[in-house]
Amino acid sequence: MNLFNGKNLHHKLLGYIFLATFVFTSIATFISFHIEMNHANQKAQVMIDQLIDTIEPTAAIAVYSNNVQIAEDVLNGLLRNNVVHKAIITSDQGLSLEKTKGTQTDHQQEIIRELFSPFGTRKSIGQVSVTSNAAFILSEAQDAAQTNAIQFFILVGLTLLFMLLLVHSLFSKPLIRISNTLRNILAGEQESIEPLEDNKNDELGGLVININKILALLTTKLSTQQVLRKRVEFAEKKLRNIFESTSAGLFLLDKDGKILTCTPTLLKILSYEDNHLIAINGQDFASLFFKEPMQFQQMMQNALEMEQLEAQDLMLHNDTKEHPLWVHCLVSKIIDAFGVTRFEGVVFDISNRVASEKAMHYEANHDSLTGLLRRNAAELQLRKHLSSAKSASTIVLLLDLDGFKAANDTYGHDVGDIVLIQSARRLESCVRHNDIVCRLGGDEFLIILFNCDPISTGFSIAEEIIIAIKKPVAINKNVSVNIGVSIGIALFPMHGNNVETLIKSADEAMYEVKRKGKNGYGIKNKNGIISVSRPAEHTYGVRH
Amino acid sequence: MSCLRVLILYFNTMKIFTALLLFFFTAGKSHADIVVIGNLKNNLQSLNSVQVEDIFMGRTRSLPNGHFALPVCQSTLRPVFYQKLTTKPIEQINAYWAMLAFRGQISPPMEFPDDNSVLSIVNENRDAIGYIDSRNVNNSVRVLLRLN
């Protein structure tokens, strides 16, 4: 079968023709054998007839004279011929002689000839019978058929060879040339096929002309396309530059918030460590980047329902205390060309803005000297807290340093500042973590104790404060300042249910302490009388 | 024209005449019949031509009455005898005998130079069969067949 899968057309053709020749020759040989067999049989009959003609007079004499010797000679003569298998001579006078040669494979009809007297009377005196040799006839027929087949095969083979040469020179060679030229054209070495010298006016010549026409058309189209492609490439490059160098992080999400595509800037903004842009495709945008994914999911929900642009500042996942990372995120719903709902959005880095905002916020709310909250901020928080559900057991302490003015006058503002800072730290160390310490101004402080149950906790904190402030503040080796503190306490909601009344009550209690010898804490009882207490003296010693 | 007719008539007449002359001549010559003779002591009364042919061509060696046949030939009459008997020329007959003689089983009948010698042989042998010119036949032999 390899013959039929050959590379060359003429080889393939040769294969098919060879096969056809083989089949036809086989059929022809088969038919030829049968014809030859018939022919050989007829020929054998003719030969035997002629043989009998030859020996007839002698045989007649033998029969006439009853001469066994002659009859034997005749039979031997007959059997010397290959075509004869068996010969019999019989006479009416009782002579009967039979001779056989070889073995008979097939039944053959015998040819019988009557013998007449050689002299005068036409009266049958005996007969000679000859049987042909089947094997001989068969071999004759076979030989003839074989010869025919060989002749046929040689003839057809020569014709084939001639046809093959013709096909090779008329078709294959020009086709190979066209094919090679086409390959060169594909490789860009040539632009058209040279016309074939010998095939100018036939089909192959027409083929070349048509191919050249197509090639010319293609060249024109290609050059047009090249120009167009260059334009497209330029436009694409411009767009890509915009896309890649834009400071806005663009992203496209599917309906479930999974990332479809995004700009490199987005990853830079979102401080995404992984350099593989592809790897993040298909991940959940919200949980991958934002500290509170719920916020972003809510934005998407809103965008979906309201069909409007959602904008929000969001904190990022990999946020650190020192450098909080913030982005401004815009999200809107889009429906693409295929009717699929998607989200597109843009992210801007606003960390610096938030940082500066925070700094401003901090400055606005905190006292620049001590770092404590300012009055406004503290009151705001207190107000917020009082209006919340957890407002019970809130205690407000109003403090005024005793002896600060004198120290300030004696050692100067710098020392006063040190005393204030030192006092602020001591106050902070006395309160619990969540409590607020605020500088109201000058040497006045406000402390808010949240969830202070039982109330005695508030009193013990006040005592601790008094003890802490009483300790001398060392300025340098030689100088140390001693001050004290007077504390007024107000309980919510006992002494007031808002900020102003609470502070007022505490203020009154604080002044009562001042009047009654300072360094203590006072609180209004049910009757409106302010009782002043001081930490027991021995505790001083313990604290020391 | 009449001259030519006379000429044609003359030729036609001559043709018929010549034919008649030839006929009589040959008829006269063929009157010399050949007779096949046998011994008087042999009880054989006559033979037909086939029987004579069988005996003289060696096909059979016995006479119809069972006696062993002894055919003899007359040399001068032999070609005519065989011609009359078998219608074959003498050369063919000679060839026939040559063939049989070559096989060595049988030889042709003995030959004698003239009628008298044949007569004497027939007289001497009971089973001898010969042939002579019919004009030389006498009572010492029996004519078995007349060939003409």
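Just so it is clear, the model here is predicted, and its values are computed rather than measured. (Residues numbered from 1 in each chain as written. Chains lettered and ligands numbered in written order. Predicted model: local features only at pLDDT ≥ 70, side-chain atom pairs only at ≥ 80, totals over all residues. Heavy atoms only, no water.)

Before going further, it helps to spend a moment on the overall build of chain B. When helices and strands are counted, chain B shows five helices and five strands. For chain B, the α and β elements follow one another from N to C terminus as α-β-α-β-α-α-β-α-β-β. Looking at chain B as a whole, 39% of its 148 residues qualify as buried. Within chain B, residue pairs in contact and separated by at least 24 positions form 71% of the contacts whose partners lie at least 6 positions apart. Here chain B displays about 8800 Å² of accessible surface, and carbon together with sulfur accounts for 62% of that area. (Helix = DSSP H or I, 4+ residues; strand = E, 2+ residues; numbered from the N terminus. Buried < 20%, exposed > 50% of the residue type's maximum accessible area, 1.4 Å probe, protein only. Contact = heavy atoms within 4.5 Å. Areas by Shrake-Rupley, 256 points an atom, 1.4 Å probe, with all protein chains shown as cover.)

All right, on to the confidence of the model for chain B then. Interpretation of the predicted coordinates at a detailed level should be avoided for regions scoring low in pLDDT. All names here are of chain B. Averaged over all residues, the pLDDT of chain B is 83; the fraction at 70 or higher stands at 79%. Within the model, the stretch residues 26-30 combines pLDDT values under 50 with zero contacts to residues more than four positions away or in other chains. For this predicted complex, the interface confidence score (ipTM) comes to 0.72, while the overall pTM stands at 0.44. (pLDDT = per-residue confidence, 0-100.)

Another point: the packing of aromatic side chains. Counted by the stated rule, this structure contains 15 aromatic pairs over all chains. Of the aromatic side chains, those joined through ring pairs into one cluster are A:F251, A:F285, A:F289, A:F290 and A:F296. (Phe/Tyr/Trp six-rings, centres within 6.5 Å; stacked < 30°, edge-to-face > 60°.)

Residues and elements named next belong to chain A. Sheet topology places strand β16 (residues 521-524) next to strand β17 (residues 530-533); four bridges connect them, and they run antiparallel. Pairing of G522 across the sheet is with V532, part of β17. Linkage of β16 to β17, two consecutive antiparallel strands, is achieved through a turn of five residues, within which G528 is found at a positive phi near 90°. (Pairing = 2+ DSSP bridges.)

What follows concerns the interface of chain A and chain B. Counting residues at the interface gives 18 residues for chain A and 14 residues for chain B. Around 1400 Å² of area is buried between chain A and chain B when both sides are counted, 57% of it from carbon and sulfur atoms. Linking chain A to chain B there are two salt bridges. The closest approach of N and O atoms between B:R103 and A:D73, which form a salt bridge, is 2.6 Å. For the side of chain A that touches chain B, the elements supplying multiple residues, two or more each, are α1 (9-65) and α2 (68-79) of chain A. Looking at the side of chain A that touches chain B element by element, the count peaks at five residues for α1(A). (Buried area = accessible area lost by both parts, 1.4 Å probe. Salt bridge = Lys/Arg side-chain N within 4 Å of Asp/Glu carboxyl O.)

Glancing now at empty space enclosed by the protein. Residues and elements named next belong to chain A. On inspection of all chains with the given rule, the structure shows two cavities of 30 Å³ or more. In this structure, the largest cavity is lined by A40, K43, A44, M47, V83, F136, I137 and E140. Of all the secondary structure elements, the ones that give two or more residues to the lining of the largest cavity are α1 and α3 (134-187). Reported here for the second largest cavity is a volume of approximately 30 Å³. Around the second largest cavity, the lining residues are L13, L14, I17, L160, M163, L164 and V167. (1 Å grid on protein atoms, 1.4 Å probe; cavity = no way out; pocket = protein on both sides within 12 Å on 5 of 7 lines; lining within 4 Å. Points joined across faces, edges and corners; volume = space filled by probe spheres on them.)

With that out of the way, let us pick up unusual backbone geometry. Residues and elements named next belong to chain A. Following D453, the chain continues to P454 via a peptide bond in cis, the omega torsion being 0°. Within the secondary structure, P454 sits in the loop between β12 (444-449) and α12 (455-470). Non-glycine residue N66 carries a positive phi angle of around 55°.

A separate point is the nonpolar core. Counting residues in hydrophobic clusters, the biggest one holds 58 residues, and the most contacted among them are A:L78, A:I89, B:F56, B:F81 and B:Y82. Sort the elements by how many residues they give to this core and α1(A) lands first, with eleven residues. Excluding residues that lie within four positions of it along the chain, B:F81 makes contacts with B:I34, B:V36, B:V52, B:F56, B:Y131 and B:L147. The next biggest cluster of nonpolar side chains, apart from the first, holds 34 residues, and it includes A:I395, A:V437, A:V485 and A:I487. (Core = buried A, V, L, I, M, F, W, Y, C linked by side-chain atoms within 4.5 Å.)

Any two packed helices are characterised by how steeply their axes cross, that is the angle between the axes, and by the distance between the axes. All names here are of chain A. Where helix α11 (residues 413-430) contacts α12, the axes come no closer than 9 Å and their chain directions differ by 150°. Taken together, α11 and α12 sit at an angle that is classed as roughly antiparallel. The crossing of α11 and α12 is right-handed. Residue-level inspection shows S423, R426, L427 and C430 of α11 in contact with α12, the latter providing I461, E464, I465, A468 and I469. Split into classes, the residues belonging to the contact of α11 with α12 amount to six nonpolar, one polar and two charged. (Axes fitted to C-alpha atoms, helices over the stretch in contact; angles between N-to-C directions. Parallel < 35°, antiparallel > 145°, perpendicular 65-115°, else oblique. Left-handed = near helix turned anticlockwise from the far one by under 90°. Nonpolar A, V, L, I, M, F, W, Y, C, P; charged D, E, K, R; others polar.)

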